[in-house]
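Summary of the model geometry
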Amino acid sequence: MRDLQPLLALLAQAEHERDDALASHARAVAQHRAAQDQSEQLLAYRKEYEQRWAEHFKQNSSIELMHCYQAFTQRLALALAHQERAQAQTEEQVVGALAVVQSYEMRVASVKKLIERRLNEQRLHADRLDQKLTDEFAARVRWRPPAYSTDTTY
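Summary of the structure given here. Residue indices follow the written sequence of each chain, beginning from 1 at its first position. At least 70 in pLDDT is required for a residue's local features to be given in this predicted model, at least 80 for side-chain atom pairs to be given and counted, and no such filter applies to totals for whole chains, interfaces and linings, which use all residues. With hydrogens and water set aside, each side-chain value is computed from the structure's full complement of heavy atoms.

1. Notes on the nonpolar core
Among the nonpolar cores identified, the biggest contains 7 residues, and these are L4, L7, L11, A14, V108, V111 and I115. Every element with two or more residues in this core is listed here: helix 1 (5-58) and helix 2 (63-143). The contacts of V111, once residues within four sequence positions are left out, are L7, L10 and L11. Here, nonpolar core refers to any group of buried Ala, Val, Leu, Ile, Met, Phe, Trp, Tyr and Cys residues whose side-chain atoms link them within 4.5 Å. Classification of residues uses two cut-offs on accessible area relative to the type maximum, computed with a 1.4 Å probe and protein chains only: under 20% is buried, over 50% is exposed, and between them is partly exposed. Helix and strand assignments follow DSSP, with helices taken as H or I runs no shorter than four residues and strands as E runs no shorter than two, numbered in order from the N terminus. We call two residues in contact whenever any of their non-hydrogen atoms come within 4.5 Å of each other.

Right under this line is the structure:
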């Protein structure tokens, strides 16, 4: 088991790094969801704003009010474009974080496989040693001279 101590330490480190990567991935997913929610809220606000002012413009409205409406809708469109870029960026972060998680998962799996292989080698070695000792004992018993008997009949 002492032979496995370095591998067990490596496994603990790999699992810790994987857990950190999983936490980072979870944060990236939360940021992406928040960006999506904000995009949806902006879209809903723009739709409501356009509907409200469409009703207002059916009645008489001044040119100045129309210019204010157009300027605001342009700023709203810029905000939506900015939010879409932020959403795309958070999506890239999620994909990157997932790739990191997968690489750490592979590392953990490979260290576990190596530990399993070493344990199997140790078991096989112990089984062979046990078989060797059993064979030697059997050979000694077979070739041992007979015990002295008190029987005097020849």
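2. A closer look at the pattern of salt bridges
In what follows, salt bridge is the name for a side-chain nitrogen of Lys or Arg lying within 4 Å of a carboxyl oxygen of Asp or Glu. Evaluated as defined, the whole model comprises 5 salt bridges. Here E105 makes a salt bridge to R18, at a shortest N to O gap of 3.9 Å. In this pair, E105 sits in helix 2 while R18 sits in helix 1, placing the two residues 87 residues apart along the sequence. The exposure class assigned to E105 is partly exposed, which follows from its relative accessible area of 34%. Classification of R18 by relative accessible area gives buried; the value is 15%. Of the charged contacts in the structure, one is a salt bridge between R52 and E48, with a shortest N-O distance of 3.8 Å. Here E48 and R52 lie together in helix 1, a separation of 4 residues that amounts to about one turn. Within this structure, R18, D19 and E105 form a network of salt bridges that share partners.

3. A closer look at helix 2
Each helix should span, by expectation, one fewer than its residue count multiplied by 1.5 Å. For helix 2, which comprises 81 residues, the first-to-last C-alpha distance of 119 Å matches the rise-based estimate of 120 Å (1.5 Å per residue) to within 8%. Taken together, the buried positions of helix 2 are occupied by Y69, T73, L76, L80, Q83, T90, V94, A97, V101, V108, V111 and I115. Buried residues along helix 2 sit in contact with helix 1.

4. A short note on the environment of Y104
With respect to the helices, strands and loops of the structure, Y104 is situated in helix 2. For the pair formed by Y104 and D37, sequence separation is 67 residues and the distance between their alpha carbons is 30 Å. Beyond its immediate chain neighbours, meaning those up to four positions away, Y104 contacts E17, R18 and A21.

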